[in-house]
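Structural description and commentary
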Amino acid sequence: MSSDLELQISTLRKSRWVNLSGLVDCATKRLSKPTCQSIQLLGRGSYNTVYKLAFGDGTEIAASVSVHDEEDFNPQAKLSEIATMQFVRASSSYPGIQVPQVHAWDVTFSNPAGAPYVLMDVVYGRKLDNFTNYDNKLRGLDGMSEVQQLAVTKSLAKLQSTLSAPVPFDKIGSITLNDEGSFIIGPLFTITQQNLGGPYQSLEDLWRARLEHDILHALREWSRLEAEQLSQSLSEPKCTPQFFSELLQLLSSLIPHFVPPSSYLPLVLHHPDLALRNIFFDPIDDTKIVGLIDWGGAQVLPLMLSAKFPDDLNSTGEDPCERPGIPDEGWNAVPHDWTSFGDTSKWPDIFRGPNDQVDLTIRASAMIKRYYLRQHFGVCFAQENHDRYGDYNLGRSMLFAHAPYYLKFHEIITSGWTSLVDHAEWIRETYWRLSAVKQDGRSAGLIIGPNVYRSSMQKSVFDLNIFETQSSEDVQDGEEEEDVDE
């Protein structure tokens, strides 16, 4: 290894257990390459660090190294990611989606690199997430002109439409390879490499399995509690066994109602991190996508649950600040709709430094623009489906307008017991509103609703638990006062 290469390696950012000299040796030997002449950092994300290796024959290879340590890394999830990339390249269903070819991999920590790695082609193109508008300090899609925003959003919608092609599988899960090298559906993996079990025959099977998983957690972890409190750390929300039980029963009762109509159930391939940071554009044409990377956590799901907006179009209720009277329900899968400023006099004052106040309306205006760009995305998606597949279904043409409540329900039920508690008010409110509307029990039809609940429906029951709760709080307050007196 040359002294220049050793110097480059010594300056590169990496996880402490990774051996970049070993990574170079692995790439050189496994790909039968001549001497590696240079190595540089291509990018670092939440799950992988990617390096570009240049060899003496003029070729270049991207080496993706997991940032997870051995305790957190899931080799089966990584193998599913690789299989998904191979499936997309081999399938004729995804014209225009260019995925790097994978040449070699190792999902162990015992190789010379000291960590799991994947060796693949380098994707060349322009990344628009780095675009910066120096006038308003906004980046990416937010920093572009309105005309360019429309063009890029339309390109993203076309990409989403291409991914919406039906898959040749009949189960919900993630793509993997069997012993014969054929593509099959295996367990359902998330972008964080969590294994959600499966594969599943239906959404109802998946959701009921996840609730059963929560009960299994309760049996294993909560059978020797000394107090009526389930949270075991500061990161977990406060919850009593009775509150957990109520939420579990409510969710279970809602499952039959949240199975979407059949027109929304065709299985499609879902990329969980569709964002400008993972998309490469033609250097001279911002409307032409030339590469899509980061397929970790890709899933085969019903069409309804694939209707998540690209990350660059999302918004939250806390960015740039919360607005009085408009609660932030804290969803990952569904954007918080900014459509107006409200009373800016009630906004917090934020300073970069002395006498340098941040103008929050600049960022808020960008969030409002995202709202209208999402509508443009939905329209372009429907138009592309019509042109590409001849899809005249009126329901599917409104997919991104109809999906939010199903995405919320799916997010709650697949994110563990803490998600039930975090979204307790939504679960309760949705249950009571559906109870009032669906007097005949289960009936076919979509479930839609407001972006956030701003009011609460009067329940048709008298909840006498309120007195037990108040009594418990009074006793606790009394005990704290005694401790202070002592």
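Check the entry above for the structure.
For the structure given in this document, a descriptive report is provided here. Note that this is a predicted model, so its numbers are computed, not measured. (Residues numbered from 1 in each chain as written. Predicted model: local features only at pLDDT ≥ 70, side-chain atom pairs only at ≥ 80, totals over all residues. Heavy atoms only, no water.)

**Points about the overall build of the protein**
On a plain count of helices and strands, the protein comes out with 12 helices and 15 strands. Over its C-alpha trace the protein gives a radius of gyration of 25 Å, about what one expects of a compact globule, namely 23 Å for 486 residues. Projected onto its principal axes, the C-alpha coordinates of the protein cover approximately 80 × 65 × 60 Å. Within the protein, the proportion of its 486 residues that are buried is 47%. The long-range share in the protein, meaning contacts at least 24 apart out of those at least 6 apart in sequence, stands at 65%. Accessible area of the protein: about 24900 Å², with a carbon and sulfur share of 49%. Distance between charge centres in the protein, computed from 41 positive and 65 negative side chains, equals 9 Å. (Helix = DSSP H or I, 4+ residues; strand = E, 2+ residues; numbered from the N terminus. Rg over C-alpha atoms; globule rule 2.2 N^0.38 Å. Buried < 20%, exposed > 50% of the residue type's maximum accessible area, 1.4 Å probe, protein only. Contact = heavy atoms within 4.5 Å. Areas by Shrake-Rupley, 256 points an atom, 1.4 Å probe, with all protein chains shown as cover. Lys, Arg positive; Asp, Glu negative; His and termini not counted. Charge placed at Lys NZ, Arg CZ, Asp CG, Glu CD.)

**Description of the packing of helix 6 (residues 241–258) against helix 9 (residues 404–414)**
Close contact between helix 6 and helix 9 brings their axes to 11 Å; oriented N to C, the two are set at 140 degrees. Every pair of crossing elements has a handedness; the one defined by helix 6 and helix 9 is left-handed. Touching Leu-251, Leu-254, Ile-255 and Phe-258 of helix 6 are Tyr-405, Tyr-406, Phe-409, Ile-412 and Ile-413, all from helix 9. Taken together, the residues of the contact of helix 6 with helix 9 break down into 9 nonpolar, no polar and no charged. (Axes fitted to C-alpha atoms, helices over the stretch in contact; angles between N-to-C directions. Left-handed = near helix turned anticlockwise from the far one by under 90°. Nonpolar A, V, L, I, M, F, W, Y, C, P; charged D, E, K, R; others polar.)

**Here we look at the packing of helix 5 (residues 203–221) against helix 9**
One can describe the packing of helix 5 onto helix 9 by two numbers: an axis separation of 9 Å at closest approach and a directional angle of 35 degrees. For the pair formed by helix 5 and helix 9, the contact residues are Leu-206, Trp-207, Arg-210 and Leu-211 on the first element and Phe-409, His-410, Ile-413 and Thr-414 on the second. By residue class, the composition of the contact of helix 5 with helix 9 is 5 nonpolar, 2 polar and 1 charged.

**Here's the deal with the packing of aromatic side chains**
By the definition in use, this model includes 21 aromatic pairs. Measuring from centroid to centroid gives 5.1 Å for Trp-222 and Phe-244, while their planes differ by 85 degrees, and the two rings are edge-to-face. Note that Trp-222 is positioned in the loop between helix 5 and helix 6 and Phe-244 in helix 6, a separation of 22 residues in sequence. No difference in accessibility class separates Trp-222 from Phe-244, as the two residues are buried. Geometrically, the ring pair formed by Trp-331 and Trp-426 is edge-to-face, given 5.5 Å between the ring centres and 80 degrees between the ring planes. Taken as a pair, Trp-331 in the loop between strand 13 (299–302) and strand 14 (351–353) and Trp-426 in helix 11 (residues 424–437) lie far apart in primary sequence, 95 residues in all. On the basis of relative accessible area, Trp-331 is assigned to the buried category, the value being 10%. Joined through ring pairs, the aromatic side chains of Trp-207, Phe-258, Trp-331, Tyr-405, Tyr-406, Phe-409, Trp-426 and Tyr-453 make up one cluster. Positioned above the aromatic ring of Trp-338, the side-chain terminus of Arg-323 is 3.8 Å from the ring centre. (Phe/Tyr/Trp six-rings, centres within 6.5 Å; stacked < 30°, edge-to-face > 60°. Lys NZ or Arg CZ within 6 Å of the ring centre and 35° of its normal.)

**Brief notes about helix 5**
With 19 residues, helix 5 should reach 27 Å at 1.5 Å per residue; the first-to-last C-alpha distance of 27 Å fits that figure. Residues of helix 5 that are buried: Leu-203, Leu-206, Trp-207, Arg-210, Leu-211, Asp-214 and Ala-218. Relative to the axis of helix 5, the buried residues are bounded by an arc of 135 degrees and lie together on one face. Exposed residues lying more than 90 degrees from the buried face of helix 5 are Glu-212, Leu-219 and Arg-220. Here the buried face of helix 5 lies against helix 6, strand 13, helix 9 and helix 10 (417–422). (Expected span 1.5 Å × (residues − 1). Arc of directions from axis to C-beta.)

**So, unusual backbone geometry**
Here Gly-198 and Pro-199 are connected by a cis peptide whose omega angle stands at 10 degrees. By the element assignment, Pro-199 lies in the loop between strand 9 (183–186) and helix 5. Put simply, Asp-319 and Pro-320 share a cis peptide bond, and its omega is 10 degrees. A positive phi angle is found at Ser-32, which is not glycine, with a value near 55 degrees.

**Comments concerning the sheet that holds strand 4 (residues 102–106)**
Spatial ordering of the open sheet is given by 1-2-3-5-4, a layout of 5 strands whose pairing is antiparallel. Among the strands making up the open sheet, the edge pair consists of strand 1 (36–44) and strand 4. Ignoring strand direction, the axes of neighbouring strands in this sheet form an average angle of 20 degrees. Of the pairings in the sheet, the one linking strand 1 to strand 2 (residues 48–55) comprises 7 bridges and is antiparallel in character. Across the sheet, Gly-43 pairs through a bridge with Val-50, a residue of strand 2. (Pairing = 2+ DSSP bridges.)

**Description of the side chain of Arg-323**
Note on placement: Arg-323 falls in the loop between strand 13 and strand 14. This buried residue, Arg-323, is left without a salt bridge; Asp-337 holds the nearest opposite charge, at 8.2 Å. Here His-336 takes part through its side chain, which lies 2.8 Å from a polar atom of the side chain of Arg-323. With sequence-adjacent residues up to four places away left out, Arg-323 is seen in contact with His-336, Asp-337, Trp-338, Thr-339, Ser-340, Phe-341 and Trp-347. (Salt bridge = Lys/Arg side-chain N within 4 Å of Asp/Glu carboxyl O. Polar contact = N/O pair within 3.5 Å; in protein donor to acceptor, adjacent residues only side chain to side chain.)

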